[in-house]
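What follows is each chain in one-letter form.
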Amino acid sequence: MLGGRAGLARTASLATVAVLTVAACSSGSDTVDALDSSGWPAAHADARNSNSTEHSGLENATFDWSRPLGGPVVSPVSIASTGQMFVSTYTDAGCNLFSFEIDSGRKRWCNRSGPSVATATPLVDSVANTYIGDDGGFSSFNDHGQLRWRTPVYGVPRSAQFLGDGSVLAVTQLGQVNILDTQTGRTTVPIHDLISPPEFLEAPNTDFLPPDTGLEACATGSSQCPVAAAPAVDLDASNIYLVLWRAGAIAPQLVSLHYDADATPAVTERWSSELLPAAVTSSPVLSADGESVYLADVDGRLSAYNTSDGTAKWTYGAGFGASGTPSISSDGSIVPTGGDAGLRSLRDEGDRATLEWERNDLQQLGTPVHTADDTIVTVTGRGNELVISTVDANTGNTVADRPLPGATGFTVGTSIGPDGQVVTSTYLGEIFTYSS
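Here the structure is a predicted model, which means the values were calculated and not measured. (Residues numbered from 1 in each chain as written. Predicted model: local features only at pLDDT ≥ 70, side-chain atom pairs only at ≥ 80, totals over all residues. Heavy atoms only, no water.)

A. Summary view of the sheet that holds strand β31 (residues 411–416). Taken together, the four strands give an open sheet; going across it, the order is β1-β33-β32-β31, and neighbouring strands pair in antiparallel fashion. Edge strands, defined here as strands with exactly one partner in the open sheet, are β1 (62–68) and β31. Between one strand axis and the next, the sheet turns through 15° on average, direction left out of account. Direction of pairing for β1 relative to strand β33 (residues 430–435): antiparallel, over a ladder of six bridges. In the sheet register, S66 faces β33, and the bridge partner there is F432. (Pairing = 2+ DSSP bridges. Helix = DSSP H or I, 4+ residues; strand = E, 2+ residues; numbered from the N terminus. Axes fitted to C-alpha atoms, helices over the stretch in contact; angles between N-to-C directions.)

Here it is in structure tokens:
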């Protein structure tokens, strides 16, 4: 792998490839306010991965339009503050990265990227530039779908995040941490490797691993995928949180990094937790006050850790299978994602979690979203029918149900548009949009 100061020398062989990092087709020469968006700019809404929105009144949204994409979808739809939507998909030929207008469903553009682009959600800035990785590269496209720049990386970046200074954070499944300028794509600080790179001077015939090495293992969180999901970022403190499976370890750990562009090195490890009790496929989620970070593991546990030192605060449950990234409200209400036990809400009491309510009559088939007026929007199953359900966040009582016409299987994320539109996509590859 490539890393640190030594990584600069080891990347000399990639110099000719790096020439492809271009600053063409930019949406403008002015500095982009990367953090300004009222839509759904990241995989889980924001840098904290909260799966929450400041919008309200979403129970009044009614079905607007749907359209198939031609291939399976495994990542949520991202939405710019302009209403432009972005989604990646698995297709054997043709486009696998799409943009649509949220009001009409009209396709704005589509591109063919590397096949692994389908594993990530495009990150969106304030002027609808997108940032997404694929096989061995991380790219940015403007709102017309034109390539702004492409930077070589080692592996396939997970869904990216912005940092507090407006740069973009791209961490690959192989553990390479890249911090890039949003306008040029150039690394702003030396590359940081979470997994020790091979010693090329001692073994000059060592080959780089194929970019997609271990990528399929990210779906199960096994050791072949060192970093399985998107990191969480504390924008004010410049701290990064991710789950890392170190080489030779018997289990992964929750790890916190600190970023300081003016320091040497710019990326340092603050702490790592004890070994986790099971594999993790979800992203870490930061509490609104920045004092706790939450993780759901594949055995159905939901755990909270202190952001100050990585010590465990509490663990709730096991076996109910809610292994997706949970939704966290600003007041400490937590709704797990997935599982066979229906829909439930927990509350963080500081030293423990308590069950607020549960709805075992609802089969959860999507990712829940907390709204500003204390409701939860998610996709549930009603017999053979999929519906957008809005429930009261305090009681669990149903507020509204709206069917997803003709939808089957399950959905891979719920996203909220700039005017309170509700957008979801099925795994089979069909987008459904609801508007007020």
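The structure having been displayed, the exposition proceeds.
B. Highlighting the packing of aromatic side chains. Evaluation of the coordinates by the stated rule reveals 10 aromatic pairs. Ring geometry for F98 and F100: centres 5.9 Å apart, planes at 5°, overall stacked. Note on F100: relative accessible area 1%, which makes it buried. When the ring of F410 is compared with that of Y427, the centres are 5.4 Å apart and the planes differ by 15°; the resulting orientation is stacked. Of this pair, F410 sits in the loop between β30 (398–403) and β31 while Y427 sits in the loop between β32 (422–426) and β33; the two residues are 17 residues apart in sequence, bridging distant segments of the chain. An aromatic cluster is present here, built from Y131, F138, W149 and F162 joined pairwise through their rings. (Phe/Tyr/Trp six-rings, centres within 6.5 Å; stacked < 30°, edge-to-face > 60°. Buried < 20%, exposed > 50% of the residue type's maximum accessible area, 1.4 Å probe, protein only.)

C. Quick peek at the layout of surface pockets. Here the largest pocket is characterised by a volume of approximately 1200 Å³. Considering the residues around the largest pocket, the lining is formed by 41 residues, among which V74, S75, A219, T281 and V412 are closest to the centre. Looking at the lining of the largest pocket, the elements with two or more residues in it are β22 (324–328) and β31. Take the lining of the largest pocket: its biggest share by element is four residues, from β31. Among the residues making up the lining of the largest pocket, the classes are represented as 16 nonpolar, 21 polar and four charged. For the second largest pocket, the lining is made up of 35 residues, of which A45, D46, S52, T53 and E54 are closest to its centre. Among the secondary structure elements, those contributing two or more residues to the lining of the second largest pocket are β6 (123–124) and β10 (161–162). (1 Å grid on protein atoms, 1.4 Å probe; cavity = no way out; pocket = protein on both sides within 12 Å on 5 of 7 lines; lining within 4 Å. Points joined across faces, edges and corners; volume = space filled by probe spheres on them. Nonpolar A, V, L, I, M, F, W, Y, C, P; charged D, E, K, R; others polar.)

D. Spatial organisation of empty space enclosed by the protein. A complete count under the given rule lists three cavities of 30 Å³ or more for this structure. Taken together, 13 residues line the largest cavity, and the ones lying closest to its centre are C225, P226, A228, V243 and V280. A class-by-class count of the residues in the lining of the largest cavity yields nine nonpolar, four polar and no charged. Here the second largest cavity is characterised by a volume of approximately 50 Å³.

E. Representation of the sheet that holds strand β15 (residues 239–244) in the model. Reading across from one edge, β14-β15-β16-β17 is the order of the four strands in this open sheet, with antiparallel pairing throughout. Since the sheet does not close on itself, it has two edges, and those belong to β14 (232–234) and β17 (267–272), each with one partner. Between one strand axis and the next, the sheet turns through 30° on average, direction left out of account. With five bridges joining them, strand β16 (residues 253–259) and β17 adopt antiparallel strand pairing. Bridge pairing in β17 links H258 to T268.

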